[in-house]
Amino acid sequence: MSTLAHTMMTAARSTDSGLAGPGELDRYPYAGASAADRVGTSPWEGADPELGRVGRRAAGSRGRGLHGQLVQQLGQMIVSGDLGADRPLVPEEIGQRFEVSRTVVRESLRVLEAKGLVSARPNVGTRVRPVSDWNLLDPDIIEWRAFGPQRDDQRRELSELRWTIEPLAARLAAGHGREEVQQRLGDMVEIMSHALGQGDSLTFSRADAEFHSLLIQVAGNRMLEHLSGIVSAALQVSGGPVTGCDRPNDTAVAQHARIVDALASADGAAAEGAMRQLLTVHPEVERVVPAPREH
C-alpha cells in the first residue's frame, strides 16, 4: 500500500467524517415527519434545546462553533417545512430561543440569505423564501434536503445531475494527460481497494469523493469545476444504493480502475463509458436514468 493510502486510512480512523450511512437517515428530528404532522406545534419545538449551551462542541455541527450551529439548525427547519415560506423570522425571538447573541443571529441570517433561504427587507423584516428561490446547488442545502422529508427527491435529482456531469467530465479529462493527476486518481483506486478488503467504509467513501472531485477538476472546464462540490456533497449524503459508488464493492473499484486506464490511454470514449457504467451499477439507478442505447 502506498504512503498516501496509509496516511489517508489512518486519518479516517482518527476523525469523525460527518458522512451519513444508511442507518443515519433519521438523525434530524424532522426526518420522518411531514409538515402536516407538525401542525399546531411551535416551529421551535423541533430545534435542539441545547444549542445555546453546546457551542463549544465540535461534533455534530462540523466544528463550526455557535454561529455554524445556528445556521445548521435554522437551515434544517426551513428545508423541512417547520418554518414555511413567508414566515417571519424575528431576531429577538431566535436569540431568546437558542440563547445566542444578537450578533450571532444577525450573521446566521445573512448566511441563510446568501443561500436564498430567507430575505430581509426594510419595514418587512426577515422572512422565509419559497423553494423556487433557494440555491439548490449549495452543499449545505443539498445535505439538509437529503436528510429531510424531501430526501427521496433530492437523491433522485442528484443522481440525474451526476449522470449529466460526470461522464462528460471523464471524457474531457482524457484529453488532459497530466501524469501527476493520473497518479493521484490511481492512488484513490488503491485506497478504495485496500479499504474494501479491510471493511473500512469510511476510508472508501473519502477516497471515492476525492476521486470524483479530482476528475471533474482536471476536465479543463472551469464551469464544470465549480460543480465538483455538488458531486462531493452527493457522495457524502448518500444513504442508499443510489449510485454504484455508495456501497463499497469490487465492481465499483473495478469501474474506477477502468476510468484511470482510459485516462492513461487518452481514450475519452472509454472513460465516458466506464463512468456511465459506474453510475448504473444498481438497478435503482437504471429506473431513474436509463443506460445508454447501443448504436
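I will try to describe carefully the structure that is included in this document.

**So, unusual backbone geometry**
We note that Asp86 has phi near 75°; this positive angle belongs to a residue other than glycine. Structurally, the position occupied by Asp86 is in the loop between helix H2 (65–80) and strand S1 (88–89). One non-glycine residue, Asn123, lies in the positive phi region at around 70°. With respect to the helices and strands, the residue Asn123 is situated in the loop between strand S2 (118–121) and strand S3 (125–128).

**Some remarks on the pattern of salt bridges**
Inspection of every chain in the model, using the stated rule, returns 12 salt bridges. As a salt-bridge pair, Glu272 and Arg171 come within 2.4 Å of each other at their nearest N and O atoms. Here the residue Glu272 occupies a position in helix H12 (residues 268–278), and Arg171 occupies one in helix H6 (residues 151–173), the gap between them amounting to 101 residues. Residue Glu272 is classed as buried on the basis of its relative accessible area of 15%. When its relative accessible area of 39% is taken as the criterion, Arg171 is described as partly exposed. Residue Glu272 pairs with Arg276 through a salt bridge whose shortest N-O separation is 3.1 Å. Of this pair, Glu272 and Arg276 are both found in helix H12, four residues apart, which corresponds to roughly one turn of the helix. Neither Glu272 nor Arg276 differs from the other in exposure class; each is buried. A single network of salt bridges, built from pairs that share partners, joins Arg145, Asp153, Arg156, Glu157 and Glu160.

**Quick notes on the packing of helix H11 (residues 250–264) against H12**
Running from amino to carboxyl end, H11 crosses H12 at an angle of 165°, the nearest separation of the two axes being 8 Å. Viewed along their axes, H11 and H12 adopt a mutual orientation that is roughly antiparallel. For the pair H11 and H12, the sense of crossing is left-handed. Across the interface between the two elements, Ala252, Gln255, His256, Arg258, Ile259, Ala262 and Leu263 of H11 pack against Ala270, Ala271, Ala274, Met275, Gln277 and Leu278 of H12. Here the residues of the contact of H11 with H12 are counted per class, giving nine nonpolar, three polar and one charged.

**Digging into the sheet that holds S3**
One open sheet holds the three strands; their spatial order is S1-S3-S2, and the pairing between them is antiparallel. The two strands at the open ends of the sheet, each matched to only one other strand, are S1 and S2. With two bridges connecting them, S1 and S3 associate as antiparallel partners. In the sheet register, Pro88 faces S3, and the bridge partner there is Arg127. Together, S1, S2 and S3 form the strand contacts of helix H4 (residues 102–114), whose direction differs from that of S2 by roughly 115°.

**Comments concerning H12**
In an α-helix, one full turn covers 3.6 residues, which means residues spaced three or four apart are oriented alike. Turning to H12, its buried residues number three or more, namely Gly268, Ala271, Glu272, Ala274, Met275, Arg276 and Leu278. N-capping of H12 is provided by Asp267, with a side-chain oxygen placed 3.4 Å from the backbone N of Ala269.

**Topic: the packing of aromatic side chains**
Taken as a whole, this structure holds zero aromatic pairs when the rule is applied. For the cation-ring pair, Arg97 lies above Phe98, with the distance from its terminal atom to the ring centre recorded as 5.4 Å. The ring of Phe147 is capped by Arg155, whose NZ or CZ atom sits 5.9 Å from the centre of that ring.

**Comments concerning the pairing of S2**
Looking at chain direction, S2 and S3 are connected through four bridges and run antiparallel. Of the residues in S3, the one forming a bridge with Val118 is Val128. What sits between the antiparallel neighbours S2 and S3 is a turn of three residues, in which Asn123 has the positive phi angle 70°.

The rules behind each value
- Position numbers for residues start from 1 in each chain and track the written sequence from start to end.
- Residues qualify for local features only when their pLDDT is at least 70, as the model is predicted, and side-chain atom pairs are given and counted only at 80 or more; totals for whole chains, interfaces and linings, by contrast, use all residues.
- Excluding hydrogens and water, the side-chain values take into account all heavy atoms of the structure.
- Strands are runs of DSSP state E lasting at least two residues, helices are runs of H or I lasting at least four, and both sets are numbered from the N terminus onward.
- Salt bridge criterion: a side-chain nitrogen from Lys or Arg within 4 Å of a carboxyl oxygen from Asp or Glu.
- The buried label goes to any residue with under 20% of its type's maximum accessible area, the exposed label to any with over 50%, and the partly exposed label to all in between, with areas taken from a 1.4 Å probe on protein chains only.
- Axes here refer to lines fitted to C-alpha atoms; in helices the fit is confined to the stretch in contact. Angles between the N-to-C directions go from 0 to 180 degrees.
- In what follows, roughly perpendicular refers to angles from 65 to 115 degrees, roughly parallel to angles under 35, roughly antiparallel to angles over 145, and oblique to any angle outside these ranges.
- Each helix crossing is assigned a hand: it is left-handed if the near helix lies turned anticlockwise from the far helix by less than a right angle, otherwise right-handed if that turn is clockwise.
- Contact between two residues is taken to exist if any of their heavy atoms lie within 4.5 Å; hydrogens are not considered.
- Ten residue types, Ala, Val, Leu, Ile, Met, Phe, Trp, Tyr, Cys and Pro, are classed as nonpolar, four, Asp, Glu, Lys and Arg, as charged, and the remainder, Gly among them, as polar.
- Strands were regarded as paired on the criterion that DSSP finds at least two bridges between them.
- Here a polar contact is taken to be a pair of N or O atoms separated by no more than 3.5 Å, where protein atoms must pair a possible hydrogen donor with a possible acceptor and residues adjacent in sequence count only if both atoms sit in side chains.
- Think of it this way: a Phe, Tyr or Trp ring, Trp meaning its six-membered ring, pairs with another when their centres are within 6.5 Å, and the plane angle makes it stacked under 30 degrees, edge-to-face over 60, tilted otherwise.
- The criterion for a charge sitting over a ring is simple: Lys NZ or Arg CZ within 6 Å of the ring centre, and within 35 degrees of the ring normal.

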